[in-house]
Amino acid sequence: KFDVLQVYKPRGRFSHKGNYGHTLIIGGSYGKIGAVLMSSEASMHAGSGLVTVFIPKCGYQTVQTAFPEAMVVTDKNEAYVSDIKFDINPSVIAIGPGMGKHAETVDAFYQFLLQNEKALNIISENKKLLPYIKGRAVLTPHPKELERLIGSWKDDFDKLEKTKLFSKENDVVILIKGAYTATVYHDKVFFNSTGNPGMATGGSGDVLTGIIAGLIAQGYSLFDAAFVGVYIHGRAGDLAVLRSGVEALTATDIIDFTGDAFLDLLKKNKKDYQEKPDNAS
């Protein structure tokens, strides 16, 4: 908590939405619009001033109805992303939630990187894309995607060393997600203290992606946004699980409790902030 507080960015009284960035979430496909919807909602709950969603046409009514705060841009294709074009200038782009691996989607992602030089399944299976995201990306792979990126490992120590090497070679922040999620950038590693087994549920990773993107939009560095996002995501899950129990916890519960996690972060405990007497240990 106190590591997070050191980099936390409070809001000014006279600020406006333009001060807190514009997040673009790209993703979704037929049957998986929920993933990009959760990412976009989480981004705004994390504080992004504006959120735009780029999705295939099939998701338009869903997103506009379920998340009216978002702006929506649609692909020309009905069922999947095939041509990534937009006329906005976002502060950060999160790409991938629910996007799938259709051949046209893979090509669209490749062309997007070539044209914009911004950016996992697609990356982990097409490593020729890695040079285009050097120094610009936070990668949030699930375990199988991580294995495809860094290779298999003998144990957790080996996994950590290989992840650090991958981060150095590609100059990216990368997460090793799990019970104590590690945020890795070169040789710098933060292990997270929040979270619970109830968060092992579909959509939890999409929510994390959205939270991290929302923080980057507000001006956090890639590394700070990643480790703060992981902490807030886990703390929201810890607060949500008190109501639901581990079995019933859902990804949307994590979104609902993101605000509570920020309130908890800023809650001052007098005994932690009082000056200690000179003779105190």
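Residues numbered from 1 in each chain as written. Predicted model: local features only at pLDDT ≥ 70, side-chain atom pairs only at ≥ 80, totals over all residues. Heavy atoms only, no water.

**Remarks on the pairing of strand S1 (residues 22-26)**
- In terms of burial, S1 is a largely internal element, 5 of the 5 residues being buried.
- Burial along S1 is two-sided: His 22, Leu 24 and Ile 26 facing one way and Thr 23 and Ile 25 facing the other are all buried.
- Sheet topology places S1 next to strand S2 (residues 50-55); 5 bridges connect them, and they run parallel. The residue of S2 that forms the bridge with Ile 25 is Val 53.
- Handedness of the β-α-β unit built from S1, helix H2 (residues 33-45) and S2 comes out right-handed.
- The sheet contact formed by S1 and strand S4 (residues 92-95) spans 4 bridges and is parallel. (Buried < 20%, exposed > 50% of the residue type's maximum accessible area, 1.4 Å probe, protein only. Helix = DSSP H or I, 4+ residues; strand = E, 2+ residues; numbered from the N terminus. Pairing = 2+ DSSP bridges. Right-handed = clockwise from strand over helix to strand, strands pointing away.)

**A few points about helix H6 (residues 143-150)**
- When we look at burial in H6, the residues that qualify are Glu 145, Leu 146, Leu 149 and Ile 150. Down the axis of H6, the sector holding all buried residues measures 115°, keeping them to one side.
- One or two positions beyond H6, positive phi appears at Gly 151, with a value near 95°. (Arc of directions from axis to C-beta.)

**Thoughts on the nonpolar core**
- Among the nonpolar cores identified, the biggest contains 49 residues, and Val 53, Val 63, Val 207, Ile 212, Leu 215 and Ile 232 are the most heavily contacted of them.
- For this core, the secondary structure elements donating two or more residues are H2, S2, S4, strand S6 (173-176), helix H8 (204-217), helix H9 (222-244), helix H10 (251-256) and helix H11 (258-266).
- For Leu 215, the contacting residues outside a window of four places in its chain are Ala 46, Tyr 220, Ala 225, Val 228, Gly 229 and Phe 262.
- Listed in part, the 28 residues of the second largest apolar core include Ala 108, Ile 133, Ile 176 and Val 184. (Core = buried A, V, L, I, M, F, W, Y, C linked by side-chain atoms within 4.5 Å. Contact = heavy atoms within 4.5 Å.)

**Let's talk about the pattern of salt bridges**
- Under the criterion given, the structure shown has 9 salt bridges.
- Ionic pairing is found between Lys 159 and Asp 156, a salt bridge with its closest N-O pair at 3.7 Å. Taken as a pair, Lys 159 and Asp 156 lie in helix H7 (residues 156-170) at a separation of 3 residues, close to a single helical turn.
- For Asp 156, a relative accessible area of 56% puts it in the exposed group.
- In this structure, Asp 187 and Lys 168 form a salt bridge, with 2.9 Å as the shortest nitrogen-oxygen distance. Here Asp 187, found in the loop between strand S7 (182-185) and strand S8 (188-191), pairs with Lys 168, found in helix H7; they are 19 residues apart in sequence, far enough to count as distant.
- The exposure class assigned to Lys 168 is partly exposed, which follows from its relative accessible area of 40%. (Salt bridge = Lys/Arg side-chain N within 4 Å of Asp/Glu carboxyl O.)

**Description of the sheet that holds S7**
- Here 4 strands make up an open sheet; going across it, the order is S5-S6-S7-S8 and the pairing mixed. Pairing within the sheet leaves two strands with one partner each, and these edge strands are strand S5 (138-139) and S8.
- Direction of pairing for S7 relative to S8: antiparallel, over a ladder of 4 bridges. Paired with Val 184 across the strands is Val 189, a residue of S8.
- H7 contacts S5, S6, S7 and S8 of the sheet and is inclined by roughly 160° relative to S6. (Axes fitted to C-alpha atoms, helices over the stretch in contact; angles between N-to-C directions.)

**With respect to the sheet that holds S1**
- Read across the open sheet, the 4 strands follow the order S3-S2-S1-S4; overall the sheet is parallel. Of all the strands in the sheet, the pair left with one neighbour each is strand S3 (71-74) and S4. Across the sheet, the axes of successive neighbouring strands diverge by a mean angle of 20°, strand direction being ignored.
- Each of S1 and S2 touches H2; the most contacted strand, S2, lies at about 170° to it.
- Set on the sheet, H8 makes contact with S1 and S4; between it and S4 the angle comes to about 170°.

**Some remarks on the packing of aromatic side chains**
- Considering all chains together, one arrives at 3 aromatic pairs under this definition.
- Centroid distance Phe 223 to Phe 227: 5.8 Å. Interplanar angle 45°. Geometry classified as tilted. Linking Phe 223 with Phe 227, this pair stays in helix H9, spanning 4 residues, or about one helical turn. Accessibility assignment for this pair places Phe 223 and Phe 227 in one class, buried.
- Over the face of the ring belonging to Tyr 220 we find Lys 9, whose NZ or CZ atom lies 5.5 Å from the ring centre.
- The ring of Tyr 20 is capped by Arg 11, whose NZ or CZ atom sits 3.7 Å from the centre of that ring. (Phe/Tyr/Trp six-rings, centres within 6.5 Å; stacked < 30°, edge-to-face > 60°. Lys NZ or Arg CZ within 6 Å of the ring centre and 35° of its normal.)

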